[in-house]
Amino acid sequence: LDVCSAAKINPALKASSNSWISVLAKMEPIWLHGEVLYYAFQCDLYAYPTGQLLLPHTTLMKLLTYGTLAWEIVGPLLLLSTRPALRATACLLFSIMHLSFGMFLRIGIFAFSPLLFAFALLPGLVWDHPRLPFRRVGALFQRLCEKVASKHPPGLRPPIRLSKPVSALLAVLYCHTLLTSLSEDPRIGRILPSSLDWIHQMTGLYQRWGVFVNMPSILDGWFVVEGRLSDGRDVDLFQGTDQVGWDKPPTPFTHYGSFRWPTPLVVI
């Protein structure tokens, strides 16, 4: 495979495997019963008010749950399609799905980072379309490539191809990552011996796909950090108030600087 072909195939394989592993982790009662959005939207640590507005609409939440599960099964097949229109549609729908997550839940860059991956999977039909802004971006990349190529004599740039040993190594690393991700599911357990853990630790290929899984076990509520000053007054160190209040605040999520703030507090 030349570099261009690898750039198209490898991200599609990675995205497909990640999605299917995520679906496997979601094969649990709250997903199969359509209750996962209820648990997600009633969580004060992560839910936006927009998500809490959907709580009374149980039928709609169930439809969205089953729709998400079905799309994560079917969508990756479209990413592997050789038809540009199907692949472009899959990229668009995956982007909309992750952006919608960010509309209802405080998940930080997780709502936007998959969009960068979708750009790598867009077919040439989208980049060359005269009515889409991608054409200008593609033209910019083309000028940069021509500028870099002009610094080297012509005829001395043969097509870069991956040798068989390199291709075999990439295949082994891909399989290792896949098996390691599967091992995160407690129903499957460890597949590879612990003596091979250094591979994903050294390469940074360790991945976990437990997002929105086992939602009932997520700690919910709000935090009060009580402290006593030298003059005997009690203060709330977390909220920075002179009085310690134990009542639930109207919007608990506003007390955190980012969606990562509750994580260490939950662990502690």
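Per-chain numbering applies: the sequence of each chain, read as written, is numbered from 1 onward. With the structure being a predicted model, the display of local features is reserved for residues of pLDDT at least 70 and the display and counting of side-chain atom pairs for 80 or more, all residues being used for whole-chain, interface and lining totals. Calculation of side-chain values draws on the structure's entire complement of heavy atoms; hydrogens and water are dropped beforehand.

S.K.: Quick question: what am I supposed to make of the nonpolar core here?
M.R.: Note that soluble globular proteins tend to have their nonpolar side chains buried in a common cluster. Nonpolar core, defined: a set of buried Ala, Val, Leu, Ile, Met, Phe, Trp, Tyr and Cys residues in which side-chain atoms within 4.5 Å join the residues together. The buried label applies to any residue whose accessible area, calculated with a 1.4 Å probe on protein chains only, is under 20% of its type's maximum; exposed applies above 50%, and partly exposed to all values in between. The biggest cluster of nonpolar side chains holds 28 residues, and the ones touching the most others in it are Phe41, Leu105 and Phe212. Secondary structure elements are taken from DSSP: a helix is a run of H or I of four residues or more, a strand is a run of E of two residues or more, and numbering for both begins at the N terminus. The set of elements that each furnish at least two residues to this core consists of helix 2 (29–32), helix 3 (36–41), helix 5 (58–79), helix 6 (84–104) and helix 7 (113–121). Looking at this core element by element, the count peaks at six residues for helix 6. Two residues qualify as a contact provided that any one of their heavy atoms is within 4.5 Å of a heavy atom in the partner residue. Among residues more than four places away in sequence, those in contact with Leu105 are Ala40, Phe41, Tyr46, Ala47, Tyr48 and Phe212.

S.K.: Mind showing me how you'd approach the confidence of the model for the protein here?
M.R.: The predicted structure's coordinates, where accompanied by low pLDDT, should not be read in detail. Across the protein, pLDDT averages 77, with 79% of residues at or above 70. Each residue carries a pLDDT score, the predictor's confidence in it, ranging from 0 to 100. Across the protein, the element-wise mean pLDDT spans from 54 in helix 12 (residues 262–267) up to 90 in helix 5. Within the model, the stretch residues 1–9 combines pLDDT values under 50 with ten contacts to residues more than four positions away or in other chains.

S.K.: In this structure, what is going on with the pattern of salt bridges? I would like to understand it.
M.R.: Note that side chains of opposite charge can pair when their charged atoms are close. The salt bridge definition used is simple: a Lys or Arg side-chain nitrogen within 4 Å of an Asp or Glu carboxyl oxygen. Considering all chains together, one arrives at four salt bridges under this definition. Across the pair Lys26 and Glu72 runs a salt bridge, and its minimum N-O distance is 3.3 Å. In this pair, Lys26 sits in the loop between helix 1 (3–25) and helix 2 while Glu72 sits in helix 5, placing the two residues 46 residues apart along the sequence. The exposure class of Lys26 is buried, given its relative accessible area of 3%. Taking relative accessible area as the criterion, Glu72 reaches 8% and is therefore assigned buried. Asp231 is the salt-bridge partner of Arg233, the closest N and O atoms lying 2.8 Å from each other.

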